[in-house]
Amino acid sequence: WRSSINADNLNQLVPLNNTISLGSDYLSKFPENEYILGPGDQILIIISKSYPELTRTTTIDGEGTIIISTLGRIYVEGLTLGELRLLLDDSYKKYVKYRDVEISVIKYRPINVLVDGEVNEPGILILNGSLSVPNTVTNKESITSSGLSNVILNDDLLIPRQNFSNFYFPKVFDAIQKSGGVTEFSDLKSIKLIRKNPISKGGGKIETTLNLQKLFLNRDNSHNIRIYDQDTIVVQKLKKPNRNNIASAIKYRMNPKYVKVAVTGRVNMPGVKTLNRKSTLNDAIDIAGGTKLFRGKISYISFNRDGSIDKRKVTLRKNNKKGSYSNPFLKEGDLILVGSGFLNQTS
């Protein structure tokens, strides 16, 4: 909206975009769920509301199987919810006449995601499969006496069915954030996502290219999609650095705002210093109280993203350009050692 909102101008608001007509079909817009089941997922299975004794909550075991009424042990790992629903509907044909199979995940397993490319800390992450508002679980007697009928029986517990969908899922942004955020060379317009393709759609792998710059520039969250177990996220590299990357990433909390570096040797206040993410070697020495008299060369030691060590000798000058070889931008865990001068060594 272009205008600010207050009691005096509510009738003067002008929409920035064309008005979209809203019909009842909007209520049928459900997102496509291609979540693939695996060991650790806890699922609710309803075969028919007419036969509540067939309803069961169960956890997929390490072998990818579950035990359900009538069918016994079955293998479900690698199936989507839709695929499992169709298979169970077909399997129960000879046992249940009026079937209405429903399957819901009520507890998601942790997911493993590989984040690679132009991020500060590439590697495999283990993230929560979901976050949810805690459900209130009431004992069997108290909830039964209250007359509530829209509940699912699970041994001695009754769980309100409507609460099963109150989940928040990790997205591409979260994975990159957990990988230390982006660099000046990260191409936010070209982030490759590779994931498993459902069996019913041919199996194998599928991939797409995402543009997270939409999120930073226009607050467009459409490319910040949910991530699944065993996804691979690759941030492509720019040929030239984009100085706006770090500022935008810090603003949206994709990158941490501060870094901790160690400054030691011939400085007035040695120790671990917390600095702004855009700080340089010169800034760190200033925070450490400046150098003492008769200092020598300065050693800068930093770990590269590939695990190698960047070790360099630099000369301290106030006019060294930010980001230059002698005045680099700092990363988490960097070490700055101000050496002793010739007179100190002789003494």
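The following paragraphs examine the structure supplied in this document. Values in this document were obtained by computation on a predicted structure and should not be read as measured data.

With that settled, consider the overall build of the protein chain. Summing up its helical and strand segments, the protein chain has seven helices and 20 strands in all. Counting across all 347 residues of the protein chain, residues that qualify as buried make up 37%. Taking the contacts inside the protein chain whose residues are at least 6 apart along the sequence as the reference set, 59% of them involve residues at least 24 apart. Of the roughly 21,100 Å² that the protein chain leaves accessible, carbon and sulfur atoms contribute 51%.

So, on to unusual backbone geometry. Look at Thr70: it is not a glycine, yet its phi comes out positive at around 75°. We classify Thr70 as partly exposed; its relative accessible area is 48%. Phi at Arg253 is positive, roughly 65°, even though this residue is not glycine. Inspection of the secondary structure puts Arg253 in the loop between helix H5 (244-251) and strand E16 (258-265). According to the relative accessible area criterion, Arg253 is exposed, its value standing at 67%.

What follows deals with the sheet that holds strand E15 (residues 232-237). Overall, mixed pairing links the five strands, which are arranged E7-E6-E15-E13-E14 in an open sheet. Two strands in the sheet have a free side with no partner beyond their single neighbour: strand E7 (123-127) and strand E14 (205-210). Across the sheet, the mean angle from the axis of one strand to that of its neighbour is 20°, orientation sign disregarded. Here strand E13 (residues 186-196) pairs with E15 via five bridges, running antiparallel. Its bridge partner being in E15, Ser186 is matched across the sheet by Lys237.

A word on the environment of Gly290. Mapped onto the elements, Gly290 comes out in the loop between helix H6 (281-287) and strand E18 (295-303). The class for Gly290 is buried, based on a relative accessible area of 16%. Distance from Gly290 to Arg266, taken between C-alpha atoms, is 8.7 Å for residues 24 residues apart in sequence. Non-local contacts of Gly290, meaning those with residues more than four positions away in its chain, are made with Arg266, Val267, Asn268 and Ile285.

Take the environment of Glu32 next. Note on placement: Glu32 falls in the segment before strand E1 (42-46). Measuring from C-alpha to C-alpha, the distance between Glu32 and Gly82 comes to 9.9 Å, with 50 residues separating the pair along the chain.

The next point concerns the pairing of E15. Alignment of strand E6 (residues 111-117) against E15, held across four bridges, turns out to be parallel. Across the sheet, Val115 pairs through a bridge with Ile233, a residue of E15.

Reading the values: the criteria
Residues numbered from 1 in each chain as written. Predicted model: local features only at pLDDT ≥ 70, side-chain atom pairs only at ≥ 80, totals over all residues. Heavy atoms only, no water. Helix = DSSP H or I, 4+ residues; strand = E, 2+ residues; numbered from the N terminus. Buried < 20%, exposed > 50% of the residue type's maximum accessible area, 1.4 Å probe, protein only. Contact = heavy atoms within 4.5 Å. Areas by Shrake-Rupley, 256 points an atom, 1.4 Å probe, with all protein chains shown as cover. Pairing = 2+ DSSP bridges. Axes fitted to C-alpha atoms, helices over the stretch in contact; angles between N-to-C directions.

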